[in-house]
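Residues per chain, in single letters:
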Amino acid sequence: MITLGSPYNLEESKQANRTQMLTDMIRMKKRLPVNLTVYSVAGSESYTSDGIVPLASVDAGKYIFQNQVKHYTMITLSGNNAEHSDLPQNQETIDLIKQDLLIKNQRPALRP
């Protein structure tokens, strides 16, 4: 699973101030598949936000995914095309999707 600029803690920029939505997702995290790999991509226009979603809100995803899914990685993109609405067209995002979803799924399965 790849998420782009997901506001796990809505517009809240302080992780200590957990929204009800984040609290609910943390409480329900045991329902996530343990074999899931998650990449959470954040944009950084100003080192604190992608222009819409605070970086701390995207980072709050760690409370949902760490120690619950097989792999959890948060990646922060900065520079050109790192604003919230640019993330789907950002070349680094596209490369990540190609590398970790498309190429991996084209490999033949190993036989036992």
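Further up the page is the structure itself.
About the criteria used
Residues numbered from 1 in each chain as written. Predicted model: local features only at pLDDT ≥ 70, side-chain atom pairs only at ≥ 80, totals over all residues. Heavy atoms only, no water. Helix = DSSP H or I, 4+ residues; strand = E, 2+ residues; numbered from the N terminus. Buried < 20%, exposed > 50% of the residue type's maximum accessible area, 1.4 Å probe, protein only. Lys, Arg positive; Asp, Glu negative; His and termini not counted. Salt bridge = Lys/Arg side-chain N within 4 Å of Asp/Glu carboxyl O. Contact = heavy atoms within 4.5 Å. Right-handed = clockwise from strand over helix to strand, strands pointing away. Pairing = 2+ DSSP bridges. Axes fitted to C-alpha atoms, helices over the stretch in contact; angles between N-to-C directions. Phe/Tyr/Trp six-rings, centres within 6.5 Å; stacked < 30°, edge-to-face > 60°.

Topologically, Asp 50 is positioned in the loop between β2 (37-44) and α2 (55-59). One buried charge, Asp 50, has no salt-bridge partner; the nearest side chain with opposite charge is Lys 62, at 17 Å. With sequence-adjacent residues up to four places away left out, Asp 50 is seen in contact with Gly 5, Gly 43, Ser 44, Glu 45, Ala 82, Glu 83, His 84 and Leu 87.

Of all the eight residues making up β2, seven are buried; the element is thus mostly covered by neighbouring parts of the structure. Each parallel crossover has a hand, and for strand β1 (residues 2-4) linked through helix α1 (residues 20-27) to β2 it is right-handed. Pairing between β2 and strand β3 (residues 71-78): eight bridges, direction parallel. Residue pairing in the sheet places Thr 37 in a bridge with His 71 of β3.

A side chain of one charge can pair with a side chain of the opposite charge if their charged atoms are brought near each other. Counting across every chain of the model gives two salt bridges. Between Lys 62 and Asp 59 there is a salt bridge, with its nearest N and O atoms 3.0 Å apart.

The next subject is the sheet that holds β3. Paired through their backbone hydrogen bonds, the strands of a sheet run either parallel or antiparallel. Here we have three strands laid out as an open sheet, ordered β1-β2-β3, and parallel in their pairing. The sheet terminates laterally at β1 and β3, the two strands that pair on one side only. Within this sheet the neighbouring strands show an average axis-to-axis angle of 20°, counted without direction.

Overall, the coordinates contain two aromatic pairs when judged by the stated rule. Taking 5.7 Å as the distance between ring centres and 80° as the angle between the ring planes, the aromatic pair formed by Tyr 8 and Phe 65 counts as edge-to-face. With Tyr 8 in the loop between β1 and α1 and Phe 65 in helix α3 (residues 62-65), this residue pair connects regions lying 57 residues apart in the sequence. Taking relative accessible area as the criterion, Phe 65 reaches 4% and is therefore assigned buried. Seen from their ring centres, Phe 65 and Tyr 72 are 5.6 Å apart, and the 20° between their planes marks the pair as stacked. Look at Tyr 72 and you get buried, because its relative accessible area is 18%. Three or more aromatic residues joined by ring pairs form one cluster here, namely Tyr 8, Phe 65 and Tyr 72.

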